[in-house]
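Now for the letters of each chain:
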Amino acid sequence: MNVLVINAGSSSLKYQLINIEAQEVLAKGICERVGSDEAFHKHGIDDNELVIDTPMKDHNDAMALVLEALTSGPNKVIDSLDEIDAVGHRVVQGGKYFSESAFIDDDVIQKIDELAELAPLHNKAALMGIYACMENMPGKPMVAVFDTSYFQTLPPKAYMYPLPYEYYDKYSLRKYGAHGTSHRYIAERAAQFLDEDLDDLKMITCHLGNGCSMTAIDHGIAIDTSMGLTPLDGLMMGTRCGAVDPAIVPFLMEHEDLSFDEVNDVMNKKSGLLGISGISNDLRSVRAASEEGDERAQLAYEMYSHSVKKYLGQYIVEMGGVDVIVLTAGVGENCDKMRRMIFSGLQPLGIVLDLEKNKARGGEREVSTDDSKVQILVIPTNEELMIALDTLDVVEHKRLNGEL
Ligand code: ADP
């Protein structure tokens, strides 16, 4: 069985075609900087990777390129789309409707659309992926895997907001979190890497990409996470502001004469690294500018690392300590400079980054010193594998019930 996993992010579309029986990735790739003039598509495996600079105005364009690359051209891996048995879609917000992965039908699509209010950038992107697949592969079984389900273990004191209780009753207004598939994957891989039982560890997982979130996992149970009702909350991100004083919303509406939608747009698309640096949401560009002496780029860098430090502190206190800190995603995996800034000055807490190990690139690795009390790991995330396995489960269940 081959499962095509689609992970549509805010500015990227990652995909993998996974053969489930062999747990083998047949093809993978990424469309990056979707929506910008610098968009490019990487497709292939290992040395066989093609990088094509190509315009992609949105995720629809990106999906068409992905399906074309899988079935034609020098790096094709299948003859036709018939060789794809099912498609698994990463969906950020499952809200109150989805406590587990769901077979995609009209009702599920309608609910994902409804929940887009809570995840403006991501649920819409996922829907574009779903529609593009439906158009190109009519009748193909598809499953939505939600990032929110991992956080169903959070206790009420962590997921409730100190607002009038009636809003929780009326709207299910609460913290749902996001990036759950990634946090679950890196937590499990980290325990395996250390040859320890996840249930014996106090762990903080940090997903630092364009979207950023952190989770406190106390003895295998997610007890708190930084994203909230929507993925706008928590850490400073590529274009999202993360947690700010809520009074800023009415202030901006009044003083800048902005509508609610415009404020939402500012906070989701024009803030974060982009808003502070005025250069880019891409940390590579911000890094280059800061190294050339651009003060706002340097400030953006400092604010980003400061934001991660704040959540480290919060979660260490919530759990009464930490054994392992795990970093993943574009920034967490690749940016040695950001890791240096995040962990600088944490020696008194027994958290010591090894500056030499920190320079290494690629793969699962430890980057803390041998005598650091807290182990710091870099674990490349693999949400796709988790999504593929979930997709298989849901589709097989349907088949067994005679519904497919
Ligand atoms: P998303 O999937 O949310 O779009 P990613 O996990 O792909 O995000 O991460 C994208 C971020 O990672 C971008 O800000 C990009 O600049 C950053 N990134 C990737 N590689 C590097 C690198 N070598 N150095 C610094 N930042 C990097």
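As a reminder, the structure under discussion sits directly above these lines.
Residues numbered from 1 in each chain as written. Predicted model: local features only at pLDDT ≥ 70, side-chain atom pairs only at ≥ 80, totals over all residues. Heavy atoms only, no water.

1. Overview of the overall build of the chain
Here is step 1: The secondary structure content of the chain amounts to 14 helices and 14 strands.
Here is step 2: For a compact globule of 404 residues, the expected C-alpha radius of gyration is about 22 Å, and the chain comes in at 21 Å, within 12% of that figure.
Here is step 3: At a minimum sequence separation of 6, the contacts of the chain that also span at least 24 residues come to 61%.
Here is step 4: Carbon and sulfur atoms form 49% of the exposed surface of the chain, whose accessible area is close to 18200 Å².
Here is step 5: Considering the chain, the positive charge centre built from 36 side chains and the negative charge centre built from 65 side chains are found 3 Å apart. (Helix = DSSP H or I, 4+ residues; strand = E, 2+ residues; numbered from the N terminus. Rg over C-alpha atoms; globule rule 2.2 N^0.38 Å. Contact = heavy atoms within 4.5 Å. Areas by Shrake-Rupley, 256 points an atom, 1.4 Å probe, with all protein chains shown as cover. Lys, Arg positive; Asp, Glu negative; His and termini not counted. Charge placed at Lys NZ, Arg CZ, Asp CG, Glu CD.)

2. Quick look at unusual backbone geometry
Here is step 1: Of note, the phi angle at Ser172 is positive, near 55°, even though the residue is not glycine.
Here is step 2: Relative to the elements of secondary structure, Ser172 occurs in the loop between α5 (165-171) and α6 (180-194).
Here is step 3: Residue classification places Ser172 among the buried residues on the basis of a relative accessible area of 17%. (Buried < 20%, exposed > 50% of the residue type's maximum accessible area, 1.4 Å probe, protein only.)

3. Some remarks on the environment of Lys309
Here is step 1: Tracing the backbone shows Lys309 in helix α11 (residues 295-319).
Here is step 2: The class for Lys309 is partly exposed, based on a relative accessible area of 25%.
Here is step 3: Residues Lys309 and Leu346, spaced 37 residues apart in sequence, show a C-alpha to C-alpha distance of 9.3 Å.
Here is step 4: Those residues in contact with Lys309 that sit more than four places away from it in its chain are Met341, Ile342, Phe343, Ser344 and Leu346.
Here is step 5: At 3.1 Å, the side chain of Lys309 forms a polar contact with the backbone oxygen of Ile342. (Polar contact = N/O pair within 3.5 Å; in protein donor to acceptor, adjacent residues only side chain to side chain.)

4. Some words on α6
Here is step 1: In a regular helix each residue adds 1.5 Å, so 15 residues correspond to 21 Å; α6 covers 21 Å between its end C-alpha atoms and thus fits that length.
Here is step 2: Its buried side turned inward, α6 meets β8 (142-146), β9 (202-208), β10 (212-218), β12 (324-328), β14 (375-378) and α14 (383-400).
Here is step 3: Of the residues flanking the end of α6, it is Asp195, one or two places downstream, whose phi is positive at about 60°. (Expected span 1.5 Å × (residues − 1).)

5. What about the packing of aromatic side chains?
Here is step 1: According to the stated counting rule, one finds seven aromatic pairs in the structure shown.
Here is step 2: Seen in terms of ring centroids, Tyr150 and Phe151 are 5.5 Å apart; in terms of plane orientation they differ by 65°. Their pairing is edge-to-face. This pair shows no difference in class: Tyr150 is buried, exactly as Phe151 is.
Here is step 3: Aromatic pair Tyr311 and Tyr315: ring centres 5.9 Å apart, planes at 55°, arrangement tilted. Of this pair, Tyr311 and Tyr315 are both found in helix α11, four residues apart, which corresponds to roughly one turn of the helix.
Here is step 4: For Tyr311, a relative accessible area of 13% gives the class buried. (Phe/Tyr/Trp six-rings, centres within 6.5 Å; stacked < 30°, edge-to-face > 60°.)

6. Points about the site of the ligand
Here is step 1: If you check the shell around the ligand, you find 15 residues, and the closest are Ser12, Asn210, Asp282, Leu283 and Gly330.
Here is step 2: Taking Asp282, its side chain carries an N or O atom lying 2.3 Å from an oxygen atom of the ligand.
Here is step 3: Within the backbone of Leu283, an N or O atom sits 2.9 Å from an oxygen atom of the ligand.
Here is step 4: Surface burial for the ligand is 87%, taken as the share of its 580 Å² of free accessible area covered by protein chains.
Here is step 5: Of all the secondary structure elements, the ones that give two or more residues to the shell around the ligand are α10 (283-291) and α12 (329-334).
Here is step 6: For the shell around the ligand, the leading source of residues is α12, giving four residues. (Near = heavy atom within 4 Å.)

None of this, on its own, says anything about what the molecule does.
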